[in-house]
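Below are the chains, spelled out letter by letter.
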Amino acid sequence: APLCPTEFFQQLGRCGRNDQAAVNIVFFSGRDRQDNVRAIERRAAELSDSAYSVHRIQKCQVMFDYLLNDTGCRRRHLLILLGQSDVDNDMSTSPC
């Protein structure tokens, strides 16, 4: 699973090049979160920067909250992550 929303958006950007239709599918399991957190903690130890770890783990949790969301509109969730302030509230009523 992507480590954070930014990584996910970069992967999304690789879909649909050259005006071709595309589908982005993310395969993940609960263990992916643990593996991602361990990788973040190792990198923080290499950098001797605990703030790095806290910030990246928060972003990792945001990504997993998005992936596990099965009650609301994922498109709405992505728009909010991107900082859209005028998101249509009707989008939140069903999964998409």
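Model, not experiment: these values are computed from the prediction.

Draft legend 1. Inspection of the overall build of the chain at higher detail. Counting secondary structure elements, the chain contains four helices and zero strands. Along the chain, helices and strands appear, N-terminal first, in the series α-α-α-α. Buried residues in the chain amount to 24% of all 96 residues. Put simply, of all contacts in the chain between residues at least 6 apart along the chain, 47% involve residues at least 24 apart. As displayed, the chain offers around 6,700 Å² of accessible surface, 49% of which is attributable to carbon and sulfur atoms.

Draft legend 2. Here's a closer look at the packing of aromatic side chains. Tallied over the full model, the rule gives three aromatic pairs. Aromatic side chains phenylalanine 8 and tyrosine 66 sit 5.5 Å apart centroid to centroid with 50° between the ring planes, which places their arrangement in the tilted category. Highlighted residues: phenylalanine 8 in helix α1 (residues 5–13) and tyrosine 66 in helix α3 (residues 50–68), separated in sequence by 58 residues. Classification of phenylalanine 8 by relative accessible area gives buried; the value is 5%. Chaining the aromatic ring pairs together yields one cluster made of Phe8, Phe9 and Tyr66.

Draft legend 3. Looking closely at the side chain of aspartate 32. Note that aspartate 32 resides in helix α2 (residues 30–47). Here aspartate 32 sits buried without a salt bridge, and the closest side chain of opposite charge, arginine 31, lies 7.0 Å off (N-O distance). Discounting residues that sit within four places of it in the chain, aspartate 32 has contacts with Ala1, Phe27 and Phe64.

Draft legend 4. The arrangement of the pattern of salt bridges in detail. All chains considered together, the criterion is met by three salt bridges. Salt-bridge contacts for aspartate 35 lead to arginine 38; the nearest nitrogen and oxygen are separated by 3.0 Å. Taken together, the residues aspartate 35 and arginine 38, both in helix α2 and three residues apart, mark about one turn of the helix. Given a relative accessible area of 29%, aspartate 35 falls into the partly exposed group. The salt bridge involving glutamate 46 is made with arginine 43; its shortest N-O contact spans 3.1 Å. Pair noted here: glutamate 46 and arginine 43 are both in helix α2, with a separation of three residues, about one helical turn. Under the relative-accessibility criterion, glutamate 46 is labelled exposed at 58%. Each of Arg31, Asp35 and Arg38 takes part in a single network of salt bridges with overlapping partners.

Rules behind the numbers
- Residues numbered from 1 in each chain as written.
- Predicted model: local features only at pLDDT ≥ 70, side-chain atom pairs only at ≥ 80, totals over all residues.
- Heavy atoms only, no water.
- Helix = DSSP H or I, 4+ residues; strand = E, 2+ residues; numbered from the N terminus.
- Buried < 20%, exposed > 50% of the residue type's maximum accessible area, 1.4 Å probe, protein only.
- Contact = heavy atoms within 4.5 Å.
- Areas by Shrake-Rupley, 256 points an atom, 1.4 Å probe, with all protein chains shown as cover.
- Phe/Tyr/Trp six-rings, centres within 6.5 Å; stacked < 30°, edge-to-face > 60°.
- Lys, Arg positive; Asp, Glu negative; His and termini not counted.
- Salt bridge = Lys/Arg side-chain N within 4 Å of Asp/Glu carboxyl O.

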